[in-house]
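These are the residues of each chain, in order.
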Amino acid sequence: MKLDSLSLDAARRRDGIKWAHAASGVIPAWVADMDFPVPEAVTEAIARRAATDLGYPAWLEEPTAGPLAEAFAERMEARYGWRADPAHVRSYTDLNQALQVLLHVMTDPGDAVALHVPAYDPFLTTITAMNRRLVPMPLTADGRFEVPGAPVRVLLLVNPQNPSGRSFTREELDAVAAYADRHGTLVISDEIHADLTYAPARHIPFATILPERTVTLTSASKAFNMGGLHCSVAHIGAKDARDALGRQPAHIYGAPSVLGVEATVAAWRHGDAWLEEVLAILDRNRRRIAERLPSVGYRMPEATYLAWLDFGVPGAAHFLEREARVKLNPGPNYGGGDTFARLNFATSAAILEEILSRIAAALT
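Colleague: Let's hear about the sheet that holds strand 6 (residues 186-190): which residues, and what values?
Modeller: With mixed pairing, the seven strands of this open sheet are ordered in space as 2-8-7-6-5-3-4. The sheet is open, and its two edges are formed by strand 2 (89-92) and strand 4 (133-138), each paired on a single side. With strand direction ignored, the average angle separating the axes of adjacent strands in the sheet is 20°. Inspection of the sheet shows strand 3 (residues 112-117) paired to strand 4 by six bridges, in the parallel sense. Of the residues in strand 4, the one forming a bridge with valine 117 is proline 138.

Colleague: Can you lay out the packing of helix 11 (residues 316-323) against helix 12 (residues 349-363) for me, pointing to particular residues and giving the numbers?
Modeller: A pair of packed helices is captured by two measures, namely the crossing angle of their axes and the spacing between those axes. Across the interface, helix 11 lies against helix 12 with an axial gap of 10 Å and an inter-helix angle of 105°. Regarding the angle of helix 11 to helix 12, the classification is roughly perpendicular. Packed against helix 11, whose contacting residues are Phe319, Leu320 and Glu323, the element helix 12 presents Ile359, Ala362 and Leu363 at the interface.

Colleague: Hey, could you go over helix 6 (residues 121-129) for me, with residue numbers and the actual values?
Modeller: Spacing of three or four residues puts side chains on the same side of an α-helix, whose turn is 3.6 residues. Buried within helix 6 we find Phe123, Leu124, Thr126 and Ile127. Taken around the axis of helix 6, the buried residues stretch over an arc of 160°, which confines them to a single face. For helix 6, exposure combined with an orientation more than 90 degrees from the buried face picks out Thr125, Thr128 and Ala129. Immediately beyond the C-terminal end of helix 6, within one or two residues, lies asparagine 131, with a positive phi of roughly 60°.

Colleague: With reference to specific residues and values, describe helix 7 (residues 170-183).
Modeller: In this model helix 7 runs 20 Å from its N-terminal to its C-terminal C-alpha over 14 residues, within 8% of the 20 Å that 1.5 Å per residue would give. Taken as a whole, helix 7 has its buried residues at Glu172, Leu173, Val176, Ala177, Tyr179 and Ala180. Around the axis of helix 7, the buried residues are gathered within 165° of arc, so they sit on the same side. What points out from helix 7, more than 90 degrees from its buried face, is the exposed set Glu171 and Arg182. Tucked inside the fold, the buried residues of helix 7 contact strand 5 (154-158) and strand 6. In the segment just after helix 7, glycine 184 is the residue with positive phi, at about 65°.

Colleague: Account for the packing of aromatic side chains, naming residues and giving values.
Modeller: Overall, the coordinates contain seven aromatic pairs when judged by the stated rule. Both rings, one in phenylalanine 72 and one in tryptophan 82, keep their centres 5.7 Å apart while their planes meet at 90°; by these two values the pair is edge-to-face. Within this pair, whereas phenylalanine 72 is found in helix 4 (residues 67-80), its partner tryptophan 82 is found in the loop between helix 4 and strand 2, the two being separated by 10 residues in sequence. Of the two residues, phenylalanine 72 and tryptophan 82, both sit in the buried class. Ring plane angle 85° and centroid distance 4.8 Å describe the contact between tyrosine 120 and phenylalanine 123, whose orientation is recorded as edge-to-face. Among the residues examined, tyrosine 120 registers a relative accessible area of 22% and is labelled partly exposed. Residue classification places phenylalanine 123 among the buried positions, given a relative accessible area of 0%. A cation over an aromatic ring shows up here: lysine 327 above the ring of tryptophan 30, its NZ or CZ 5.0 Å from the ring centre.

Colleague: Lay out the packing of helix 5 (residues 95-106) against helix 8 (residues 239-246) in plain terms, naming residues and giving numbers.
Modeller: Contact geometry for helix 5 and helix 8: axes closest at 10 Å, N-to-C directions at 90°. Considered as vectors, helix 5 and helix 8 are oriented roughly perpendicular to each other. In contact with Val101, Leu102, Val105 and Met106 of helix 5, helix 8 contributes Asp240, Ala241, Ala244 and Leu245. Within the contact of helix 5 with helix 8, the residues separate by chemical class into seven nonpolar, no polar and one charged.

Colleague: Hey, could you go over the nonpolar core for me, with residue numbers and the actual values?
Modeller: Among the nonpolar cores identified, the biggest contains 70 residues, and Phe311 and Leu343 are the most heavily contacted of them. Mapped onto this core, the elements with two or more residues apiece are helix 4, helix 9 (258-270), helix 10 (272-292), strand 10 (306-310), helix 11, strand 13 (340-344) and helix 12. When sequence neighbours within four positions are dropped, the list of residues in contact with phenylalanine 311 reads Val296, Ala316, Leu320, Leu328, Thr339, Ala341, Ile359 and Leu363. Val101, Phe123, Ile127 and Leu217 belong to the second largest nonpolar core, which has 31 residues in total.

Each value, and the rule that gives it
- Residues numbered from 1 in each chain as written.
- Predicted model: local features only at pLDDT ≥ 70, side-chain atom pairs only at ≥ 80, totals over all residues.
- Heavy atoms only, no water.
- Pairing = 2+ DSSP bridges.
- Helix = DSSP H or I, 4+ residues; strand = E, 2+ residues; numbered from the N terminus.
- Axes fitted to C-alpha atoms, helices over the stretch in contact; angles between N-to-C directions.
- Parallel < 35°, antiparallel > 145°, perpendicular 65-115°, else oblique.
- Contact = heavy atoms within 4.5 Å.
- Buried < 20%, exposed > 50% of the residue type's maximum accessible area, 1.4 Å probe, protein only.
- Arc of directions from axis to C-beta.
- Expected span 1.5 Å × (residues − 1).
- Phe/Tyr/Trp six-rings, centres within 6.5 Å; stacked < 30°, edge-to-face > 60°.
- Lys NZ or Arg CZ within 6 Å of the ring centre and 35° of its normal.
- Nonpolar A, V, L, I, M, F, W, Y, C, P; charged D, E, K, R; others polar.
- Core = buried A, V, L, I, M, F, W, Y, C linked by side-chain atoms within 4.5 Å.

Purely geometric numbers; function is a separate question.
Here is the structure:
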């Protein structure tokens, strides 16, 4: 496969944060960037926009998300059978900004925000920095969780889940919906990894279950490897959240750039052949981890390109960087134990094989 041909020497010439921040001789498998080139449709869309007009876009003054809204709605219906209303879509630079905006307008300091843990670390730091009260929903060893026993103002659902790779079932999502409906809880559903779900698991947009209490956050950045373009969308199904945002000045929170919008629309409309090739590589890679590291605690992810691994070694990530020369993200970053670490397996077979060989040798 063309996308699967990256060598370690070629990867070391990449200058994004993933490779640039790795010490000499260390292979990075930490930050959630893939090592694959983006779809040709994306590079062509960016080049076309740069060659024609980089002035203010025609959609600048539109109250919602311009062309993003239509492309998002088309994709949700085609891929997941969800008829999302384009008029309810807003655009942001990334999901962290969107979450912070929503917590700002929908909650007050001290309000309770439920989140399953271990959890995506910027969400944990956002809740703390905004002086909201974290109500953890601990994941069990098999990736299950229970809703809180008491009411919370917001339940932050990350589905598929980062770092565990769970794709939550209809039964699990129904339990969240029943809780939110019973307590009047706003559900903010981060679904950025939805397109990276492996059969037979099936992604179910939470908004198809409880639309009137849901805000859906997503982006093409994870599935199509475009994190640096900073473009995301929020579908504001909850009317009180739409009203709260409507009371804010139109551009107080900024907006994605024209290149981010062009790239996102191109990826969602023309990138699925590329995505299918990537999913085949990732599916193979998630299985290869189980084959090469049989002594490591590992529940194969149902989605994402992230492996949540229990190495049984205190300070696992630091141990592996020192002894295996492989850089992973430490488990405590996510509220997990320090024997855990998160491994990004979105790379070529050759590089993954070297990563796993180094880890296996360090653990013997």
